[in-house]
Amino acid sequence: MNTGPRQLRCAVIGAGMAGILSAIKLAEAGFTDVTVYEKADRVGGTWRENTYPGLSCDVPSHLYSYSFALTPEWSRRFAPGPEIRAYFERIARENGVTQRVRFGDQVLGCVFSEGRWHLTTASGHRDQVDVVIAATGVLHHPNYPVIEGIDTFKGTMFHSSRWDDSVQIDGARIGIIGTGSTAVQMVSALANRVARLSLFQRTAQWIMPQENPAYSDEERTELREHPDLLSEGRQSLSDLFDLFSNAVVDSESAEIKMIERACLANLEDNVHDPDLRERLRPTYRAACKRLILSPDFYDAIQSPNADLVTDDIERIEPGGVRTTDGRLHELDVLVLATGFKADAFMRPMSLVGRNDFTLDEAWDPRPAAYLSISMPEFPNFFMVNGPNGPVGNFSLIEVAELQVRYILQLVERIRAGDCREVSATHEALAEFERAREQAAQHTVWVTGCRSWYLDDRGLPAVWPWSFVRFRQAMEVPDPAAFEFA
Ligand code: NAP
């Protein structure tokens, strides 16, 4: 029974890429009573937190832009991190989001009671809202390695996402633990600046030799004068990514084999010392871990002052890192490029849904949400880039735009008075998880490597189908999958 239209008050948690997007789309849909909660003092999410040298995005910038805010101004195919951060700050400012943000106030808890979400924040502020959109990010909480003696290091040590700008890098002896996208970007940026660079590699990576050309003034002028080219260009990049997305979910696909050949040729052609080449040769399938794009990592690691260390780390000592061959790698600075706790969605926020059902209970033994968006017993609470979503080398902006459009269709039902509460059913979530786990068995992510995609059972905690299928799933919510109360 329709109870008539309602004015809704909405909270968005997080002012990163997905939070800014949610606030813009809510405003566009006519929701005027919206607060964005942001624990930091600036918008930008991951692009605010990560400031390490060499930071960029591995999705081309003309694709890693909001579809409604394309820009001709990108400096390179893969723009540097500060430029991406400035983009999000500008879009937030120009679209009236910044003024809706409550900065420096972290949401600690959300409790559903009498049809509304009751929020409490770190400052003691309280709020009551009808709808919550959690846009708290995927790779957010640093994964600190457990290594004997790590606290005894006398130099400067920090996680890659806590880069310390005050530290003197030029001319220093720097160690980097890890060989993920972060470490690879750092190595390329630092090799020529430091006195000595020691890269502690536990697992070799496949490196796709992707060039990163700068756009010329003429190219930018052409894009300014012909904005259609921007959307056409974005579409063709998106089509290319669709191809890749089909490849990674089928471990036997021709595309995966092509990627593997290209990476192998890069290794064979560009690493000259046979011993170093063998130590850089991965022993698992390409794209099993997130594929790394780099035009110059192999050059950088072959610099005379760079050292690829493949002996295991035995312990960390005041003077540096001791490896199992007995060597002490003396260091001034040690960067832990050891990745993130990928299953820490929304933490440490506590969430209590209907009938005192908590998030800890819902996510025991691991995070799950219907289409990564909605959870049974947590009505009117939605996640953007939530658990088990499409993160395998897709543009998270495209993912988020599709999810927000889907979420707003559900919120519209509440506003229209069709229902007061909407959440996925237990059956829909169980069926989604069953199908997801089954499909995951055929992806390249389970072909024998360790990665942040894998959950505690070794199953990829990601969307295991093509991006085309994701787009279809995001078209219109299936009413049968939701409880409308
Ligand atoms: P990551 O891919 O999870 O890599 C972490 C690295 O640390 C791995 O090489 C891992 O080794 C190593 N490691 C972890 N614990 C260790 C320990 N105790 N001892 C020795 N080594 C240890 O993390 P990330 O590089 O920060 O990248 C995470 C994700 O962020 C990427 O996959 C990507 O999605 C995103 N990202 C993207 C970009 C980009 O757009 N280009 C840049 C940065 C990050 P093993 O491989 O042996 O586990």
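S.K.: Let's hear about the sheet that holds strand β16 (residues 328-330): which residues, and what values?
M.R.: Spatially, 3 strands are ordered β14-β15-β16 in an open sheet, and the strand pairing comes out antiparallel. Lying at the two open borders of the sheet, with one neighbouring strand each, are β14 (313-317) and β16. Mean inter-strand twist for the sheet, computed between neighbouring axes without regard to direction, equals 25°. As judged from the 4 bridges shared by β14 and strand β15 (residues 320-323), these two strands associate in the antiparallel manner.

S.K.: Mind laying out the packing of aromatic side chains, listing which residues take part and the relevant values?
M.R.: Aromatic ring pairs are described here by two measures, namely the spacing of the ring centres and the angle between the planes. Under the criterion given, the structure shown has 25 aromatic pairs. Taking 5.8 Å as the distance between ring centres and 45° as the angle between the ring planes, the aromatic pair formed by F297 and Y298 counts as tilted. For F297, a relative accessible area of 4% puts it in the buried group. Take Y298: its relative accessible area is 4%, and that puts it in the buried class. With a centroid separation of 4.8 Å and an interplanar angle of 75°, the aromatic rings of W463 and W465 are classed as edge-to-face. Here the two residues W463 and W465 agree in accessibility, since each one is buried. Grouped by ring-pair contacts, the aromatic residues Y370, Y406, F432, W463, W465, F467, F470, F482 and F484 constitute a single cluster. One residue, R415, lies across the ring of F31, its end atom 4.0 Å from the ring centre.

S.K.: Please set out the domain arrangement of the protein chain residue by residue, giving values where relevant.
M.R.: Split by domain assignment, the protein chain resolves into domain 1 (10-141 + 341-484) and domain 2 (142-202 + 314-334). With centres defined by C-alpha atoms, the gap from domain 1 to domain 2 works out at 32 Å. At the junction of the two partners, domain 1 supplies 13 residues and domain 2 supplies 15 residues. Carbon and sulfur atoms supply 46% of the area buried between domain 1 and domain 2, which totals about 1,100 Å² over both sides.

S.K.: Can you explain the packing of helix α1 (residues 17-28) against helix α11 (residues 396-416)? Please cite residues and give values.
M.R.: For the pair α1 and α11, interaxial distance at closest approach is 10 Å and the crossing angle is 40°. α1 and α11 meet at a crossing whose hand is right-handed. Contacts from M17, A18, L21, S22, K25 and L26 in α1 reach L396, I397, A400, E401, V404 and L408 in α11. Along the lines of polarity and charge, the residues of the contact of α1 with α11 split into 9 nonpolar, 1 polar and 2 charged.

S.K.: Mind laying out the packing of helix α6 (residues 228-248) against helix α7 (residues 254-270), listing which residues take part and the relevant values?
M.R.: The N-to-C vectors of α6 and α7 enclose an angle of 100°; their axes lie 7 Å apart at closest approach. Taken together, α6 and α7 sit at an angle that is classed as roughly perpendicular. Residues L243, F244, A247 and V248 of α6 pack against E255, I256 and I259 of α7. Considering only residue class, the contact of α6 with α7 consists of 6 nonpolar, no polar and 1 charged.

S.K.: A description of the pairing of strand β6 (residues 126-129) should follow, citing residues and the corresponding values.
M.R.: In the case of a regular strand, side chains alternate between the two sheet surfaces. Of the two faces of β6, only one is covered, namely that formed by D127 and V129; the face formed by R126 and Q128 stays uncovered. Looking at chain direction, strand β5 (residues 116-121) and β6 are connected through 4 bridges and run antiparallel. Bridge pairing in β6 places L119 opposite D127. Here β5 hands over to β6 after 4 residues, with G124 in that stretch at a positive phi of 95°.

Parameters at a glance
- Residues numbered from 1 in each chain as written.
- Predicted model: local features only at pLDDT ≥ 70, side-chain atom pairs only at ≥ 80, totals over all residues.
- Heavy atoms only, no water.
- Pairing = 2+ DSSP bridges.
- Helix = DSSP H or I, 4+ residues; strand = E, 2+ residues; numbered from the N terminus.
- Axes fitted to C-alpha atoms, helices over the stretch in contact; angles between N-to-C directions.
- Phe/Tyr/Trp six-rings, centres within 6.5 Å; stacked < 30°, edge-to-face > 60°.
- Buried < 20%, exposed > 50% of the residue type's maximum accessible area, 1.4 Å probe, protein only.
- Lys NZ or Arg CZ within 6 Å of the ring centre and 35° of its normal.
- Domains from an automatic or database assignment.
- Contact = heavy atoms within 4.5 Å.
- Buried area = accessible area lost by both parts, 1.4 Å probe.
- Left-handed = near helix turned anticlockwise from the far one by under 90°.
- Nonpolar A, V, L, I, M, F, W, Y, C, P; charged D, E, K, R; others polar.
- Parallel < 35°, antiparallel > 145°, perpendicular 65-115°, else oblique.

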